[in-house]
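Here is how the chains run, residue by residue.
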Amino acid sequence: MPTSGPNNKPEDLIARLSSSDGEAKLKSLRELKNQIIGNRTKKLSYVKLGAVPAVVSILALAVESGDSSASSVIIQSAAIIGSFACGIDAGVRAVLDSGSFSILVRLISHSNNKVVDAGARSLKIIYQSKLAPKYDFFQKENMESLLSLLNSEIENVTGLGASIITHSCQTSAEQKILCEAGVLKKFQKLLQGSQNQRDASLESLATIIKNNPVVISEFVEADNRQYLRAVIELINDRYYRTRLLACMCLTAIWNTSPSCLQDVGLGTKLIMILLELLDDPGQVGDDAPFALASLIAEKEDMQKLAFEMDAVDKLCSQLRKTPLQAKRIQGIFLALAELCSKLEFCRSRLLYLQVLELVTDAFAHDSSEVRIAACICLKSVSRSVKSLSAGLFMNEMILVPLIKLLNDYSCSVQVAALGAISNIVVDFAARRPTFVQCGVVKQLVHLSTSMDSTVRVNAVWALRNLVFLADGGSKEGIFLELTTSTLLSLICDSESPVQEQALGFVRNLVDGCVESIDYVFTEDGVILHAIGRQLRRASKTEGMYVLSNVASGTELHKEAVLHQLLPSASSGAQSFLLKFLQSDDSRLRTAAVWSVVNLTFPCSPGAYARVVKLRNAGIYSQVKHMVNDSSLDVKLRARTALGQSMTFGDSST
């Protein structure tokens, strides 16, 4: 085996790139290209040593020379730049920072087709990165350039045009202008081309039609549905990548405009093909579970079809294979999460296959995306009331690694873990001490003060579920850990979703025994006053339910609520009760009329006086209009409220 000599060092190779001897320079370029292709470690090493600017300088000089003999140098330099940009963000940054992008664009109009091909190939690689510059489709000259790329006879040039669309088309306005420019028609031709042209076209087509029913309709109906038929035919293509992309394109149509797909058996075909593609050992197998997850998302009928085709078993079987790429593990967990999101028999099957251990193992995976997907999967599986009631998720094997994720460096992982925790802690109060003993309350309280509003809202959501139907001792411990001041700040948080969850927490906190209501009266009732202020500012259903629950308490509690609902004229505050009774939101109307019922329970000593005050405020006049409300809940509570008022005589209403 040859030893590494002094001239084989990366530094020496970079130095040889500046040789004045054309042949020596070309030889060094080829050597550099051969060293970095497919070798991530060497790419990073050469990037750090400044190889990219050196190569770009050679490319720029060769292009400026205009010498036809420089074509080989241009081709090799362009290929090296593309290789540096392939697969690593550091390489893409170095390529873009070096100013090579504009030089590569110039190569597209070169007289030598091999140079054009090399430039297009490298640009196409750059456009596969999120770091690539965004293309402005609204500039007339840009659109003309794009159409000329798609019209090219050179495969990599048409592929470049498609890659630009895939990377840069992000809004409905961009989809519309591409459609109006005739891009869909261009794709119809490319779908009949080489495998690379078909694949690039399918990927771009999915981008243009995604979530846009107008563009989808134009595509489907174009040329007597010929474009659509061409895509459907490609799900049976001999190449796995083409089949996958055709499935993804049809899924984009299905998710937005399912009525456009008239083939009743197409859904079954798509699921069957995607499940078959799971067996591919390469990128297709990595991408297939993501495509399956997208196809069945929020569709109970498709999830049932997938289950009947043994999707749960096949996905779990794939999960047991080792080693697996992080992306494939992520996709499998997300597909399983979608399968288990609605159907209990899917959850039962997954649990029967005993893959929970694989889920919890994934909590420690190096990839944050895998950790997130594992949490999402657990969240879906833990929607099973049967399994929750059996305490299946209340064991250290699951809880310890799950709670550990609350300290993860990634906020996205924390949010995903909080979502799973929120499901696990809901209901079944007898097993909550197991959860509390793991130290989760302190961590949830800490996260409720996070600078990230998404973390805050999910942490409070978990606390809200933890306190739901909890016993008095558990409520006291949670409240003391949270503190009045922290709860007050959450109720008045700058983000509305955080406010809503904080009010939901208080609603669950005061629900139950009368003693629980006293929590909102601590420190001179600052929590109750804060809730009243929030309700005067905006319609908050959870806040109204808090007042309704408090109104079920003692005379002191009822009078405090009445003061919030009907503040004295001297306070200058407006009553929001009448507005809430007239709300379009049936949940808010229900909560508002419940408060009237609880305030005027006939056995309460001060009920009559409160009935009079409510009548004088015009509340009962509105309640009378609600006895035939479209909501059954509202209708029943309104009749109860009127019935209670009648016990004090007709004059009260």
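Rules used in this analysis
- Residues numbered from 1 in each chain as written.
- Predicted model: local features only at pLDDT ≥ 70, side-chain atom pairs only at ≥ 80, totals over all residues.
- Heavy atoms only, no water.
- Helix = DSSP H or I, 4+ residues; strand = E, 2+ residues; numbered from the N terminus.
- Buried < 20%, exposed > 50% of the residue type's maximum accessible area, 1.4 Å probe, protein only.
- Contact = heavy atoms within 4.5 Å.
- Lys, Arg positive; Asp, Glu negative; His and termini not counted.
- Charge placed at Lys NZ, Arg CZ, Asp CG, Glu CD.
- Salt bridge = Lys/Arg side-chain N within 4 Å of Asp/Glu carboxyl O.
- 1 Å grid on protein atoms, 1.4 Å probe; cavity = no way out; pocket = protein on both sides within 12 Å on 5 of 7 lines; lining within 4 Å.
- Points joined across faces, edges and corners; volume = space filled by probe spheres on them.
- Nonpolar A, V, L, I, M, F, W, Y, C, P; charged D, E, K, R; others polar.
- Arc of directions from axis to C-beta.
- Domains from an automatic or database assignment.
- Axes fitted to C-alpha atoms, helices over the stretch in contact; angles between N-to-C directions.
- Left-handed = near helix turned anticlockwise from the far one by under 90°.
- Core = buried A, V, L, I, M, F, W, Y, C linked by side-chain atoms within 4.5 Å.
- Phe/Tyr/Trp six-rings, centres within 6.5 Å; stacked < 30°, edge-to-face > 60°.
- Lys NZ or Arg CZ within 6 Å of the ring centre and 35° of its normal.
- Disulfide = S-S within 2.5 Å.

If you look the protein up in an unreviewed UniProt entry, it shows as Armadillo repeat-containing protein 8 from Nepenthes gracilis.

J.: Can you tell me about the overall build of the protein, naming the residues and giving the values?
T.: Tallying secondary structure elements over the protein gives 42 helices and zero strands in all. Principal-axis analysis of the C-alpha atoms places the extent of the protein at approximately 105 × 60 × 55 Å. By the burial criterion, 53% of the 653 residues in the protein qualify as buried. Summarising the internal contacts of the protein: among those between residues at least 6 apart in sequence, 69% fall at separations of at least 24. The centroid of the 67 positive side-chain charges in the protein is displaced by 1 Å from the centroid of its 65 negative side-chain charges.

J.: Summarise the pattern of salt bridges; cite the residues concerned and give the values.
T.: Two side chains with opposite charge may pair up if their charged atoms get near one another. Applying the stated criterion to the full structure yields 23 salt bridges. In this structure, the salt-bridge partner of Glu-64 is Arg-106, at a minimum N-O distance of 2.9 Å. Within this pair, whereas Glu-64 is found in helix H4 (residues 51-65), its partner Arg-106 is found in helix H7 (residues 100-107), the two being separated by 42 residues in sequence. Judged by relative accessible area, Glu-64 falls into the exposed class, the value being 56%. Across the salt bridge formed by Arg-589 and Asp-629, the nearest N and O atoms sit 2.9 Å from each other.

J.: Give me the layout of surface pockets: which residues, what numbers.
T.: By volume, the largest pocket is sized at about 2100 Å³. Along its surface, the largest pocket is lined by 50 residues, and Thr-166, Glu-203, Arg-241, Gln-283 and Lys-327 are the ones closest to its centre. At the level of secondary structure, the elements contributing two or more residues to the lining of the largest pocket comprise helix H6 (89-97), helix H8 (113-126), helix H10 (155-168), helix H13 (195-209), helix H16 (240-256), helix H18 (283-296) and helix H21 (326-339). For the lining of the largest pocket, the element with the highest residue contribution is H13, accounting for nine residues. Taken together, the residues of the lining of the largest pocket sort by class into 17 nonpolar, 20 polar and 13 charged. Roughly 230 Å³ of volume is contained in the second largest pocket. In terms of lining, the second largest pocket is formed by 13 residues, of which the most central are Val-105, Ile-108, Ser-145, Leu-149 and Leu-160. Sorting the residues of the lining of the second largest pocket by element identifies H7, helix H9 (140-150) and H10 as the ones contributing at least two each.

J.: Could you give an account of helix H15 (residues 226-233), naming the residues involved and the relevant values?
T.: Restricting attention to buried positions, one finds in H15 the residues Tyr-227, Leu-228, Ala-230 and Val-231. Looking straight down H15, one finds that the buried residues subtend no more than 155° of arc, so they occupy a single side. Looking at the buried residues of H15, the elements they touch are helix H12 (183-190), H13, helix H14 (213-221) and H16.

J.: Could you give an account of the side chain of His-557, naming the residues involved and the relevant values?
T.: Mapped onto the fold, His-557 is located in helix H37 (residues 555-565). On the accessibility criterion, His-557 (2% relative accessible area) is buried. Non-local contacts of His-557, meaning those with residues more than four positions away in its chain, are made with Val-514, Ile-517, Asp-518, Phe-521 and Val-550.

J.: Please provide a residue-by-residue account of the domain arrangement of the protein, values included.
T.: By a widely used convention, the size of an interface equals the accessible area lost when the partners come together. If you check the domain split of the protein, you get domain 1 (1-133) and domain 2 (382-480). Placing the centre of domain 1 and that of domain 2 at their C-alpha centroids yields a distance of 52 Å.

J.: Describe the packing of helix H29 (residues 440-447) against helix H30 (residues 453-467), and please don't skip the residues or the numbers.
T.: Two elements in contact, H29 and H30, have axes separated by 8 Å at closest approach and are oriented at 145°. Relative to H30, the crossing made by H29 is left-handed. Contacts from Val-441, Leu-444, Val-445 and Leu-447 in H29 reach Val-455, Arg-456, Ala-459, Ala-462, Leu-463 and Leu-466 in H30. A breakdown of the residues in the contact of H29 with H30 according to their chemical character gives nine nonpolar, no polar and one charged.

J.: I'd like a description of the side chain of Ser-201, backed by residues and values.
T.: Residue placement: Ser-201 occurs in helix H13. Judged by its relative accessible area of 1%, Ser-201 is buried. If we ignore the near neighbours within four places in the chain, the residues touching Ser-201 are Ala-162, Phe-187, Leu-190 and Leu-191.

J.: Before we move on, can you summarise the nonpolar core with the specific residues and values?
T.: Counting residues in each nonpolar core, the largest one holds 223 residues, and the members touching the most others are Ile-165, Phe-219, Ile-253, Phe-333, Leu-336, Leu-378 and Met-544. Element by element, the count of residues in this core is highest for H16, at nine residues. There are two domains that each give this core at least three residues, and those are domain 1 (1-133) and domain 2 (382-480). For Leu-336, the residues in contact, after removing those within four places along its chain, are Val-312, Leu-315, Cys-316, Leu-319, Leu-350 and Cys-377.

J.: How would you sum up the packing of aromatic side chains? Please name residues and give values.
T.: In this structure the tally under the stated criterion is six aromatic pairs. When the centroid spacing of 5.6 Å and the interplanar angle of 55° are considered together, the rings of Tyr-135 and Phe-137 count as tilted. The pair formed by Tyr-135 and Phe-137 is uniform in burial state, with each residue classed as buried. On the numbers, 4.8 Å between centres and 45° between planes, the contact of Phe-479 with Tyr-519 is tilted. Note that Phe-479 is positioned in helix H31 (residues 472-482) and Tyr-519 in the loop between helix H34 (514-517) and helix H35 (522-537), a separation of 40 residues in sequence. With respect to class, Phe-479 is no different from Tyr-519; both count as buried. One residue, Arg-507, lies across the ring of Tyr-545, its end atom 3.8 Å from the ring centre.

J.: Provide a residue-level description of the environment of Gly-532, including the pertinent values.
T.: Assignment of secondary structure puts Gly-532 in helix H35. We classify Gly-532 as buried; its relative accessible area is 0%. Residues Gly-532 and Met-544, twelve residues apart in the sequence, show an inter-C-alpha distance of 8.9 Å. Discounting chain neighbours no more than four positions away, the residues touching Gly-532 are Gln-564 and Phe-576.

J.: Got a sec to walk through the state of the cysteines? Specific residues and values, please.
T.: This structure, assessed with the given rule, holds zero disulfides. Summary of cysteine pairing: Cys-340 is not part of a disulfide, and the nearest cysteine sulfur, belonging to Cys-346, is at 5.8 Å. Look at Cys-340 and you get buried, because its relative accessible area is 0%. Free of any disulfide, Cys-411 has its nearest neighbouring cysteine sulfur in Cys-375, separated by 14 Å.

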